[in-house]
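This is what each chain is made of:
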Amino acid sequence: MTVTETAYAKINLALHVRRRREDGYHELETLFAFVDQGDVLSVADSAQDSVRVVGEFSGGLDDPFDNLVAKALGKLPRGGGLDVILEKNLPVAAGLGGGSADAGAVFRIVRERYGLPDGWQARAASLGADVPACVESRTCIGRGTGTELEPADDSLAGTPVLLVNPRVPLSTGPVFKAWNGVDLGPMPEDDARSVAIEGRNDLEGPAIALCPPVAGVLAALRGTSPFLARMSGSGATCFALFDNEAARDRAAASIAADQPGWWQMRGNLR
């Protein structure tokens, strides 16, 4: 029997870069949230593990050794194999944690079928800083490199969201390298909605310097009167939050008419 699992798109409602650590990584404070749309994994029992990628953005994952689904399967001992078809609906190198979300979905699938081993959090973190948050795919606070998780309230659950990407990939490493190193202060301590509104994304500036179309996406989203528009992660995807689905859908239609080449996805926060 084949079952499906959504790999929920990750967005950073706020992302504060505090300092560069001695190990070369950056100390972060972020508010993770997840959209109820994303990649889709179709899974069936098999004699051995296998992964096949289909969908609009399947071409971005043509290296089987760099596929986080395969890597996640390799991290989780089980009594049987899994045949996975990954429908890649999220753009690659887009600030949506697409690969991390895919890995998180694998952890949920294995948890349901076999249970997870002790210390699975460390196994998840070894795949990427966003993967532990993507396992549960619920609003939470991330500290350290993003792997030190704290619960957050659900004051934004159900909020209509629009994701827009200019179809330009933007790798995380160069964006962090272009950050000016100035600590602008901690993330607010409040409910999730207030933190999102009062927070910031410290990587917007360096991302725009490397990928100017990000500025155009932000301007287009802000022009639709959401209560928040911001870049996610290290870009280039940006998001807008709305008070109702009708406003989100009008914004999506307006942007699609003006910029038909841009990728977009509509959903609601989980």
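Our subject is the structure listed above.
Definitions and limits used
- Residues numbered from 1 in each chain as written.
- Predicted model: local features only at pLDDT ≥ 70, side-chain atom pairs only at ≥ 80, totals over all residues.
- Heavy atoms only, no water.
- Buried < 20%, exposed > 50% of the residue type's maximum accessible area, 1.4 Å probe, protein only.
- Helix = DSSP H or I, 4+ residues; strand = E, 2+ residues; numbered from the N terminus.
- Pairing = 2+ DSSP bridges.
- Phe/Tyr/Trp six-rings, centres within 6.5 Å; stacked < 30°, edge-to-face > 60°.
- Lys NZ or Arg CZ within 6 Å of the ring centre and 35° of its normal.
- Contact = heavy atoms within 4.5 Å.
- Axes fitted to C-alpha atoms, helices over the stretch in contact; angles between N-to-C directions.
- Salt bridge = Lys/Arg side-chain N within 4 Å of Asp/Glu carboxyl O.

**Comments concerning the pairing of strand E5 (residues 140–144)**
Buried residues dominate E5, accounting for five of its five residues. Pairing between strand E2 (residues 26–46) and E5: five bridges, direction antiparallel. Bridge pairing in E5 places Leu 28 opposite Gly 144. In this sheet, strand E6 (residues 148–151) lies alongside E5 in antiparallel orientation, the contact comprising four bridges. By the bridge assignment for E6, Ile 141 is matched with Glu 150. Here E5 hands over to E6 after three residues, with Gly 146 in that stretch at a positive phi of 110°.

**Digging into the pairing of strand E4 (residues 81–87)**
As paired strands, E2 and E4 are joined by seven bridges and run antiparallel to one another. Across the sheet, Ser 46 pairs through a bridge with Gly 81, a residue of E4. Pairing between strand E3 (residues 50–54) and E4: five bridges, direction parallel. Along E4, the bridge assignment pairs Val 51 with Val 84.

**A word on the packing of aromatic side chains**
The relation between two aromatic rings is expressed through the spacing of the ring centres and the mutual angle of the planes. Tallying each qualifying case throughout the model produces one aromatic pair. Centroid distance Phe 107 to Trp 120: 6.2 Å. Interplanar angle 55°. Geometry classified as tilted. Linking Phe 107 in helix H2 (residues 98–113) with Trp 120 in helix H3 (residues 120–125), this pair joins segments that are 13 residues apart in sequence. According to the relative accessible area criterion, Phe 107 is buried, its value standing at 0%. A cation over an aromatic ring shows up here: Arg 193 above the ring of Phe 227, its NZ or CZ 4.1 Å from the ring centre. If you follow Arg 270 out to its NZ or CZ, it ends over the ring of Tyr 8, 3.8 Å from the centre.

**Side note on the environment of Leu 31**
In this structure, Leu 31 sits in strand E2. Separated by 22 residues in the primary sequence, Leu 31 and Ala 9 have C-alpha atoms spaced 14 Å apart. Discounting chain neighbours no more than four positions away, the residues touching Leu 31 are Ile 11, Asn 12, Leu 13, Ala 14, Thr 139, Cys 140, Ile 141, Ala 152, Met 187, Ala 192, Val 195 and Ala 196.

**Brief notes about the sheet that holds strand E9 (residues 238–241)**
Consider a sheet: its strands pair through backbone hydrogen bonds, and that pairing is either parallel or antiparallel. Here we have four strands laid out as an open sheet, ordered E8-E9-E7-E10, and antiparallel in their pairing. Each end of this open sheet is capped by a strand with a single partner; those strands are strand E8 (228–231) and strand E10 (263–268). Sheet twist, expressed as the average angle between the axes of neighbouring strands with direction ignored, equals 15°. Of the strand pairs in this sheet, E8 and E9 are connected by four bridges, and their pairing is antiparallel. Residue pairing across strands places Ala 229 opposite Ala 240, the latter belonging to E9. The sheet contacts of helix H8 (residues 213–222) involve strand E7 (160–165), E8 and E9, and relative to E8 the element is tilted by about 170°. Sheet strands touched by helix H9 (residues 245–258): E7 and E10. Its angle to E10, the strand with the most contacts, is close to 175°.

**A short note on the pattern of salt bridges**
The tally for this structure, following the rule as stated, stands at 21 salt bridges. Among the salt bridges present, the one from Glu 29 reaches Arg 18, with a minimum N-O distance of 2.8 Å. You can see Glu 29 sitting in strand E2 and its partner Arg 18 sitting in strand E1 (residues 3–20), a full 11 residues away along the chain. The closest approach of N and O atoms between Glu 189 and Arg 143, which form a salt bridge, is 3.3 Å. Here Glu 189, found in the loop between helix H5 (172–178) and helix H6 (192–198), pairs with Arg 143, found in strand E5; they are 46 residues apart in sequence, far enough to count as distant. Relative accessible area serves as the criterion here: at 64%, Glu 189 is assigned to the exposed category. The network of salt bridges with common partners includes Arg 18, Glu 29, Arg 143, Glu 150, Asp 183 and Glu 189.

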